Amino acid sequence: MVSMKMIAAKCNVSVATVSKALNDQNDISEDTKERIRQAAKELGYVPNVIARSLKTNRSYNIGVLFEEEAGCGLTHEYFAGVLNGIKNQVEKQRYDLTFINSSFEDKEMTYLDHVRYRNFDGVVIVCCNDFEASRPQELMRSDIPVVTVDYVHQNCTAVLSNNVKGMEELLRYIYSQGHRKVAYIHGQKNSYVTRERLAAFYRTAQELNLKVPEEYVREAVYMETQRAAEETRALLELENPPTCIIYPDDMALIGGRNVITERGMRIPEDISIAGYDGVRMSQLLHPKLTTIRQDTERIGREAASRLIQSIETPKTALVERVVIEGELLTGQSVGRLL
């Protein structure tokens, strides 16, 4: 078996320097790191995980909590992008990734029980059906390092899209296209993301002197098409229907789009629509959707990086809000009114 001592001899450095290079520490140069990594690769070095764990008192295993009620699971592009970013960063820093569950050997466990049973070093909460429920709250209040995605808790660093700026840019663009009757079908009100986007929608409307009747603002479910379809139908049947509808996300928008086309209406000639997330599908539809693209890969990388930083240097760890910017994709689904 290849040892660090053999790598040190090949590179003419100390074993300590090899260890620092392989652990990506900052007190040696990048050139030295690269030379040592290349030598380790050529020699076929594989780190002894058990010895590493005993030495550092860590498992080098990160837990991921991922549960969503729409049933899309890992097939949903937004979450797939976030999880891929987490995976890439975790592997880069030589950790493993394991999903958390609440059932083991036919016994119910809390999230915290499972985290402790598996000896996870920390947890990224990517998605949770109800962040306010007792099980996720117990985990977030514990002494286990936790980073959340799109949810703010006083005990955890949060990585979030800039939902306020995204909604503001989206509504301002719709307004610039001449629309003065804009409806918003938002996601669940108990969601932190919804609260931010809804507040930004109302605030921007106020700044634009855009009147928003109560019946123009409706609730659906993220990533679920049926409720979005029902609310779209209700909006179109109003005596004074909107000229543009904003949806909770690109997936839910499909439900509304189906209702619109079934009624023989054209997008954007008869009505305009806009989504959120900027998933690949949104730009394959005809017409291309107007939407906000979220940088899911970066969200995932930042969440993993911040978590590992708090695991490896706990004395310097701060509870932070890390905001990731999105991008407006103007698409073709919001038409210009004369």
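Residues numbered from 1 in each chain as written. Predicted model: local features only at pLDDT ≥ 70, side-chain atom pairs only at ≥ 80, totals over all residues. Heavy atoms only, no water.

An unreviewed UniProt entry lists the protein under the name LacI family transcriptional regulator, with Candidatus Blautia faecavium given as the organism.

Colleague: Looking at this model, I keep getting lost on the side chain of T291. Mind explaining?
Modeller: Here T291 shows up in strand β12 (residues 291-293). Of the residues examined, T291 reaches a relative accessible area of 0% and is grouped as buried. From its side chain, T291 meets the backbone nitrogen of G278 in a polar contact 3.3 Å long. Other than its neighbours up to four places away in sequence, T291 contacts D250, G275, Y276, D277, G278, S282, Q283, E327, L328 and L329. (Helix = DSSP H or I, 4+ residues; strand = E, 2+ residues; numbered from the N terminus. Buried < 20%, exposed > 50% of the residue type's maximum accessible area, 1.4 Å probe, protein only. Polar contact = N/O pair within 3.5 Å; in protein donor to acceptor, adjacent residues only side chain to side chain. Contact = heavy atoms within 4.5 Å.)

Colleague: Explain helix α3 (residues 30-43) here, please?
Modeller: Because an α-helix packs 3.6 residues into every turn, residues spaced three or four apart end up facing the same way. With 14 residues, α3 should cover 20 Å at 1.5 Å per step; its first-to-last C-alpha distance of 20 Å lies within 8% of that length. Here α3 has its buried residues at T32, K33, I36, A39 and A40. With its buried residues spanning 130 degrees around the axis, α3 presents them on a single face. Looking at α3, the residues exposed on the side facing more than 90 degrees away from the buried face are E30, D31, K41 and E42. Against α1 (4-11) and α2 (15-22) lie the buried residues of α3. (Expected span 1.5 Å × (residues − 1). Arc of directions from axis to C-beta.)

Colleague: What should I look at first to understand the pattern of salt bridges in this one?
Modeller: Once their charged atoms are close, side chains differing in charge can pair, the charge on each being opposite to the other. Across all of its chains, the model carries 16 salt bridges by this definition. When the shortest N-O distance is used, the salt bridge between E320 and R306 registers 3.0 Å. Highlighted residues: E320 in the loop between α12 (296-312) and β13 (321-324) and R306 in helix α12, separated in sequence by 14 residues. Among the charged side chains, a network of salt bridges with common partners joins E168, R172 and E207. (Salt bridge = Lys/Arg side-chain N within 4 Å of Asp/Glu carboxyl O.)

Colleague: Before we go on, may I ask you to explain the packing of helix α10 (residues 225-236) against helix α11 (residues 250-262) in this structure?
Modeller: Helix-helix packing is described using two parameters, namely the angle between the two axes and the distance between the axes. Remark: α10 packs on α11, axes separated minimally by 7 Å, with the N-to-C direction vectors making an angle of 45 degrees. One way to sum up the angle between α10 and α11 is to call them oblique. In the crossing of α10 with α11, the sense of the turn from one axis to the other is right-handed. Residues T225, A228, A229, T232, R233 and L236 of α10 lie in contact with α11, whose contacting residues are M251, A252, I254, G255, G256, V259, I260 and E262. Split by residue class, the contact of α10 with α11 holds 8 nonpolar, 4 polar and 2 charged. (Axes fitted to C-alpha atoms, helices over the stretch in contact; angles between N-to-C directions. Parallel < 35°, antiparallel > 145°, perpendicular 65-115°, else oblique. Left-handed = near helix turned anticlockwise from the far one by under 90°. Nonpolar A, V, L, I, M, F, W, Y, C, P; charged D, E, K, R; others polar.)

Colleague: Sorry, what's going on with the nonpolar core here?
Modeller: With 26 residues, the main nonpolar core has I62, I86, V124 and V126 as its most contacted residues. Counting residues per element, the ones that place at least two in this core are β1 (61-66), α5 (77-92), β5 (122-127), β6 (146-149), α12 and β13. Sequence-distant contacts of I62, defined by excluding residues within four places in its chain, comprise V90, Y95, D96, L97, T98, F120, G122, V124, L307, I308 and I311. (Core = buried A, V, L, I, M, F, W, Y, C linked by side-chain atoms within 4.5 Å.)

Colleague: Sorry if this is basic, but what is going on with α1 here?
Modeller: I7, A8 and C11 are the residues of α1 that are buried. End-on, the buried residues of α1 take up no more than an arc of 100 degrees, which puts them together on one face. Among the exposed residues of α1, those pointing more than 90 degrees away from its buried face are K5 and A9. Packed against the buried residues of α1 are α2 and α3. Looking one or two places after α1, you find N12, whose phi comes out positive at around 60 degrees.

Colleague: Is there a simple way to explain the sheet that holds strand β10 (residues 244-246) in this structure?
Modeller: Whether parallel or antiparallel, the strands of a sheet pair through hydrogen bonds between backbone atoms. The parallel open sheet is built from 4 strands, whose spatial order is β9-β8-β10-β11. Of all strands in the sheet, those bounded by a partner on one side alone are β9 (217-219) and β11 (272-274). The average angle at which neighbouring strand axes cross in this sheet is 20 degrees, direction not considered. Contacting β8 (182-186), β10 and β11, helix α8 (residues 163-176) crosses the sheet at an angle of about 170 degrees to β10. (Pairing = 2+ DSSP bridges.)

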